[in-house]
Amino acid sequence: MNSITIKSADSVKGEIVVPGDKSISHRSIMLGAIANGVTTVRGFLRGEDNMSTMHAFRAMGVDIDDDGEMIKITGRGLYGLKEPDDVLDCGNSGTTIRLITGLLSGQSFFSVVTGDQYLRKRPMKRVVEPLTLMGAKICGRNGGTLAPLAINGGSLKGVNYNSPVSSAQIKSSLMLAGLYAEGETTVSEPSLSRDHSERMFRHFGASLKVNDNGVKVRGGFELTAQAVTVPGDISSAAFFMVAALITPNSELLIKNVGVNPSRTGVIDILKAMGGNIELLDEREVSGEPVADILVRSSRLKGIMISGTVVPRAIDEFPAVCVAASRAEGLTTIRDAKELRVKETDRITAMAVNLRRLGIDVVETEDGMDITGSEQLLGGTVDSSGDHRIAMSMSVAALVASAPITVTDIGCVATSFPTFFPLLEKVAAK
Ligand code: S3P
């Protein structure tokens, strides 16, 4: 179990590029694999989660070539995947297992999906239940609610599903199944989760309608291969945004970041806290909004965070918690129960870690209250095997009064293999 010890910094300065967006990278492989023709992907994130998706599709007969710069996927068409001859291992990736389970539900073959010790504890009922309504036959541990899941796919019927939670993984899983279903599949959610699937389905020519009530996919339409350029991941940029905001004398330009409005909750939150953040050169690439983000040190204040911004910032709460620990006054987070079923329980993990550094944190069922402080102590904190806990605590170390050791940091490779060298590059002493 490897660890890192990080000392405080005098400033965070320079210009960086963060790796490609994880969500978009997953979807580019999945749609490329079932489209007709050769899909090319630039800016693909070669993190462990996306490699799990790549391996799964290779195991289903898809030719995927990576020359180090560009990924080339030779699509097999909607009905061209072949039965994998072994279990598909999704590693730590919730997006891989939940989306692929939807896609496999539409295949006329048998498959089994599983993952690592963390993924095997995460809830799968949220996709198994609606996919079963569509006609999929899925069994798994604990009454079909935990992986491994065994899928006997084929013969799906469109459904009208109102998801009780805002989740792009649930929505996208049903959309992928919907490509194979008879008739239309409609998915609605309490408030909009990331809409990368909607954008990419459209890009690949799927029959799709999006309105305020959700998304509607018509089954049986072939997709056409595309050239996809993946922007930098705002979830990775968020750690550097917070690093620059809380460290004195900082000015950091993060180039080429995806700023899809369904993902920019973190910018709205940090700006509401008083963060000096500017979006420059806003443009559109492969149907996704992109910008450069300029961040300067700021005096932050505590705020209330709840409602529709929560799904728009769902992966950024560990970083937001670090910002809150340095803000003046109280930050209240509510409506964020989903954080309890991420790679780890992120409410408890952040509360335990921040308390170790002397911060007053109160946990509630669906959020937390964090009282900011000018003093953050040094010490040892643990990632709980969760990449985003590891990275957020590493950022906290930049302003702590003594070094912070973060243990179990191997997980960072799931989404951001170059995180530590990049942090070292911009954090000056
Ligand atoms: C993702 C959706 C979100 C997010 C995850 C990636 C996606 O999960 O937390 O990191 O790519 O669809 P939920 O759908 O469970 O909220």
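Everything in this summary refers to the structure shown in the same document. The structure presented is a predicted model; accordingly, all values stated were derived computationally and were not measured.

## Comments concerning the sheet that holds strand β12 (residues 208-211)
The strands that make up a sheet are held in pairs by hydrogen bonds between backbone atoms, and each pair lies either parallel or antiparallel.
Here comes step 1: Read from one edge to the other, the open sheet built from 4 strands follows the order β10-β11-β13-β12, with strand pairing classed as mixed. Whereas interior strands pair on both sides, the edge strands pair on one side only; in this sheet they are β10 (160-162) and β12. Ignoring which end each strand starts from, the neighbouring axes of this sheet average 10° apart.
Here comes step 2: Note: β10 against strand β11 (residues 184-188), 3 bridges, orientation parallel. Within β11, the residue paired with Asn-162 across the bridge is Ser-188.
Here comes step 3: Along the sheet, helix α6 (residues 168-178) contacts β10, β11, β12 and β13 (214-218); its crossing angle with β13, the most-contacted strand, is approximately 20°.

## Quick notes on the sheet that holds strand β22 (residues 367-371)
Here comes step 1: The 4 strands are arranged β19-β20-β22-β21 in an open sheet whose pairing can be described as mixed. Two strands lie at the open edges of the sheet, namely β19 (304-305) and β21 (360-364), each paired on one side alone.
Here comes step 2: Looking at chain direction, strand β20 (residues 330-333) and β22 are connected through 4 bridges and run antiparallel. Note on β22: the bridge partner recorded for Ile-333 is Met-368.
Here comes step 3: Each of β21 and β22 is contacted by helix α11 (residues 346-356), which is oriented at about 160° to β21, the strand it contacts most.

## Looking at empty space enclosed by the protein
Here comes step 1: Counted by the stated rule, this structure contains 3 cavities of 30 Å³ or more.
Here comes step 2: Lining the largest cavity are Ile-24, His-196, Arg-199, Met-200, His-203, Val-228, Thr-229, Ser-286 and Glu-288.
Here comes step 3: Listed by contribution, the elements that provide at least two residues to the lining of the largest cavity are α7 (196-203) and β15 (227-229).
Here comes step 4: Of the residues forming the lining of the largest cavity, the biggest block, 4 residues, is contributed by α7.
Here comes step 5: Tallied by class, residues from the lining of the largest cavity come to 3 nonpolar, 4 polar and 2 charged.

## Here we look at the site of the ligand
Here comes step 1: The ligand sits among Ser-23, Arg-27, Thr-95, Arg-98, Ser-167, Ala-168, Gln-169, Arg-194, Ile-314, Asp-315, Lys-342 and Arg-388.
Here comes step 2: Ala-168 is positioned such that a nitrogen or oxygen atom in its backbone is 3.0 Å from an oxygen atom of the ligand.
Here comes step 3: Contact between the ligand and Asp-315: an oxygen atom at 2.6 Å from a side-chain N or O atom of the residue.
Here comes step 4: In isolation the ligand offers 390 Å² of accessible surface; the protein chains occlude 95% of this area.
Here comes step 5: Most atoms of the ligand, that is more than half of them, are within 2 Å of grid points of the largest pocket.
Here comes step 6: Its residues assigned to classes, the shell around the ligand comprises 2 nonpolar, 4 polar and 6 charged.
Here comes step 7: Looking at the shell around the ligand, you find at least three residues from each of domain 1 (3-20 + 231-428) and domain 2 (22-229).

## Regarding the packing of helix α8 (residues 234-246) against helix α9 (residues 265-272)
Two quantities define a packed helix pair, namely the angle between the axes and the distance from one axis to the other.
Here comes step 1: Where α8 meets α9, the closest approach of the two axes is 10 Å, and the angle between their N-to-C directions is 15°. As summarised for this structure, α8 and α9 are arranged roughly parallel, according to the angle between their axes. In the crossing of α8 with α9, the sense of the turn from one axis to the other is right-handed. In this structure, α8 uses Ile-234, Ala-238, Met-241, Val-242 and Leu-245 to contact α9, whose residues at the interface are Val-266, Ile-267 and Leu-270.

Reading the values: rules and limits
- Residues numbered from 1 in each chain as written.
- Predicted model: local features only at pLDDT ≥ 70, side-chain atom pairs only at ≥ 80, totals over all residues.
- Heavy atoms only, no water.
- Pairing = 2+ DSSP bridges.
- Helix = DSSP H or I, 4+ residues; strand = E, 2+ residues; numbered from the N terminus.
- Axes fitted to C-alpha atoms, helices over the stretch in contact; angles between N-to-C directions.
- Contact = heavy atoms within 4.5 Å.
- 1 Å grid on protein atoms, 1.4 Å probe; cavity = no way out; pocket = protein on both sides within 12 Å on 5 of 7 lines; lining within 4 Å.
- Points joined across faces, edges and corners; volume = space filled by probe spheres on them.
- Nonpolar A, V, L, I, M, F, W, Y, C, P; charged D, E, K, R; others polar.
- Near = heavy atom within 4 Å.
- Polar contact = N/O pair within 3.5 Å; in protein donor to acceptor, adjacent residues only side chain to side chain.
- Areas by Shrake-Rupley, 256 points an atom, 1.4 Å probe, with all protein chains shown as cover.
- Sits in = over half its atoms within 2 Å of the grid points.
- Domains from an automatic or database assignment.
- Parallel < 35°, antiparallel > 145°, perpendicular 65-115°, else oblique.
- Left-handed = near helix turned anticlockwise from the far one by under 90°.

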